[in-house]
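Single-letter residue listing:
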Amino acid sequence: MKKKELQILYIITKLELGGAQKVCLALLNGTQEQGHTSFLIAGDGGILSQSVSHNKNVFLLNSLKREANFSSILAELKAFKDLVAQIKKIRKDFPHLIVHTHSTKAGIIGRWAAFFAGVSQRVHTIHGFAFHDHQSWPLWLSIYMVELLTSFITTHYVCVSSYDVRKAIKLFPRFAKKHSIIRAAVDPEPFFNAARKTTLENNTDLFVFGTVSCFKKQKNLFDMLQAFSLAHQKNNLLRLEIIGDGALRPALEAWIAHRNLQEVVILHGWQENVAPIMATWNAFILSSLWEGLPCAIVEARLLKLPVLAYDTGGIHDVIFNGENGLLYKPKHWQELAQGMMDISNNQLLYKKLSHYKDDLSLFDQNVMINQHLQLYRSF
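Rules and cut-offs
- Residues numbered from 1 in each chain as written.
- Predicted model: local features only at pLDDT ≥ 70, side-chain atom pairs only at ≥ 80, totals over all residues.
- Heavy atoms only, no water.
- Pairing = 2+ DSSP bridges.
- Helix = DSSP H or I, 4+ residues; strand = E, 2+ residues; numbered from the N terminus.
- Axes fitted to C-alpha atoms, helices over the stretch in contact; angles between N-to-C directions.
- Parallel < 35°, antiparallel > 145°, perpendicular 65-115°, else oblique.
- Left-handed = near helix turned anticlockwise from the far one by under 90°.
- Contact = heavy atoms within 4.5 Å.
- Nonpolar A, V, L, I, M, F, W, Y, C, P; charged D, E, K, R; others polar.
- Phe/Tyr/Trp six-rings, centres within 6.5 Å; stacked < 30°, edge-to-face > 60°.
- Buried < 20%, exposed > 50% of the residue type's maximum accessible area, 1.4 Å probe, protein only.
- Expected span 1.5 Å × (residues − 1).

Draft legend 1. Quick peek at the sheet that holds strand β9 (residues 238-243). Spatially, β10-β9-β8-β11-β12-β13 is the arrangement adopted by the six strands of the open sheet, whose pairing is parallel. Taken across any chain shown, the strands that pair with only one partner, and hence form the sheet edges, are β10 (265-269) and β13 (325-328). Direction aside, neighbouring strands of the sheet carry axes that sit 20° apart on average. Looking at chain direction, β9 and β10 are connected through four bridges and run parallel. Following the sheet pairing, Leu240 is matched in β10 by Val265.

Draft legend 2. Layout of the packing of helix α7 (residues 221-234) against helix α11 (residues 333-345). One way to put it is that α7 packs onto α11 with a least axis distance of 8 Å and a crossing angle of 45°. Classified by the angle their axes make, α7 and α11 are oblique. Taken as a pair, α7 and α11 cross one another with a handedness that is right-handed. Counting all contacts with α7, which are made through Asp223, Gln226, Ala227, Phe228, Leu230, Ala231 and Lys234, the residues of α11 involved are Trp333, Leu336, Ala337, Met340 and Met341. A class-by-class count of the residues in the contact of α7 with α11 yields nine nonpolar, one polar and two charged.

Draft legend 3. Quick peek at the packing of aromatic side chains. Within the structure shown, the criterion is met by 21 aromatic pairs. Both rings, one in Trp137 and one in Trp140, keep their centres 5.3 Å apart while their planes meet at 10°; by these two values the pair is stacked. You can see Trp137 and its partner Trp140 sitting in helix α4 (residues 137-151), three residues apart, about one turn around the helix. Overall, the relative accessible area of 57% leaves Trp137 in the exposed class.

Draft legend 4. Region of interest: helix α1 (residues 19-33). In this model, α1 (15 residues) spans 21 Å end to end at C-alpha, consistent with the 21 Å of a helix rising 1.5 Å per residue. Against β1 (7-14), β2 (37-43), β3 (58-61), β4 (98-102), α10 (295-302) and α13 (365-377) lie the buried residues of α1. Backbone geometry just after α1 places Gly35 at a positive phi near 90°.

Listed below in C-alpha cells is the structure:
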C-alpha cells in the first residue's frame, strides 16, 4: 500500500549558517526527495538562501526579520500579515498542510500565523529556549509568557535535547503529552571524507583549536578568546581558528588586534563546506552561554575532535566529561584555558578523548528525516 503523500510547510527567519537552518533545509530537501510536497518560508538574506533560490516551493519574505523589533510594531504586524497571507495561499491548494516552525521568532509568529490561516497541525522544534539565566528577570518573564501563550496552540513539539524536555515539562502545561525527541542531525559523509584525507596527528608542532559559530552574544566568543589568550601565554604553539561571522566581528577583530593575536587567531568567515577546515584542527571549543544541542559538536565528534565546552543546554547529551571532551561551568573561562593547556600538553589525555567510540547513529540526517516523516504521519 502506497503511503500517503504529506504536505509540510517549514518556517524559519534568516537562513544563516546555523544548526536550526541546516536542520530545516535538510527536512525540506529530504521530504521532497521522498516524494512529499514541502515548502519553506524564510526571511530573505543569509548565506544559505542561495542554496534554495532555485526551489519553486521556497518563499523569501523581505518583511520577515530574524530579530524582534519592538520599536517598530508596524513592521512586525506587516511581517505577520504577509506570513498569514502566504500560508493561506499555500493551504488553498494543499488543505492538509502541516506547519513546522524552527527558531524562536519564527516559532512564535509562524504558529500564530498558521492558527489564523486555519492550519490545524502546528509543530515547533525547540533549538534551545530564548529565555535563559543570562537575562534580566523582566525580559525572561516577557519571553516566557509569550511562549506559554503560544504553547496552547501548538500541536506538537520536537526537542533536540533531553535538557529542553526536562525544562519544558516544568514550564508548559501538557508538554509531556505532546513532544518527541528528534536529534538535530548532520550529513556525516563530508566529515568521513575529510577525516580520510587528513590526519590529526600531523607533522607540525602546532596545536589548533577551532570553532564554528555566528558572532552574537549567545556564543560568548570573548570568553573563548580570553581563555585562548591565557593558554597561548603558556604555550605559544597554540592556534585558534573560528568559522563564522556576524554583528560582533568588528569588536572581535579589535580585541584580537589589541592583544597582538592576529597571527595566531584566524577568522575564516562563513564557509559552506566546513569539514575540510575542521579536519585540520586538533580540538573543538565552544563557549556558548545557552544552547539547544549544537550540530557543530556532532560534526566535531564525527572527526574525532575532543570537545571543550561550557556545559549548557543539551551539550552533555553528546559530550561526556573526561570521555570525549571536557565540560566547564559557563563563564569559567580560566578553567577553560586550563583545559586547553591540559589537552595540548598531555598526549595520553588527548588520545583518550579523541578515540572515544561515540554512538552518533541518531544524529544521522537520514534518520532524522525518517523520524519526522513518522511523526507527521501520526497526526
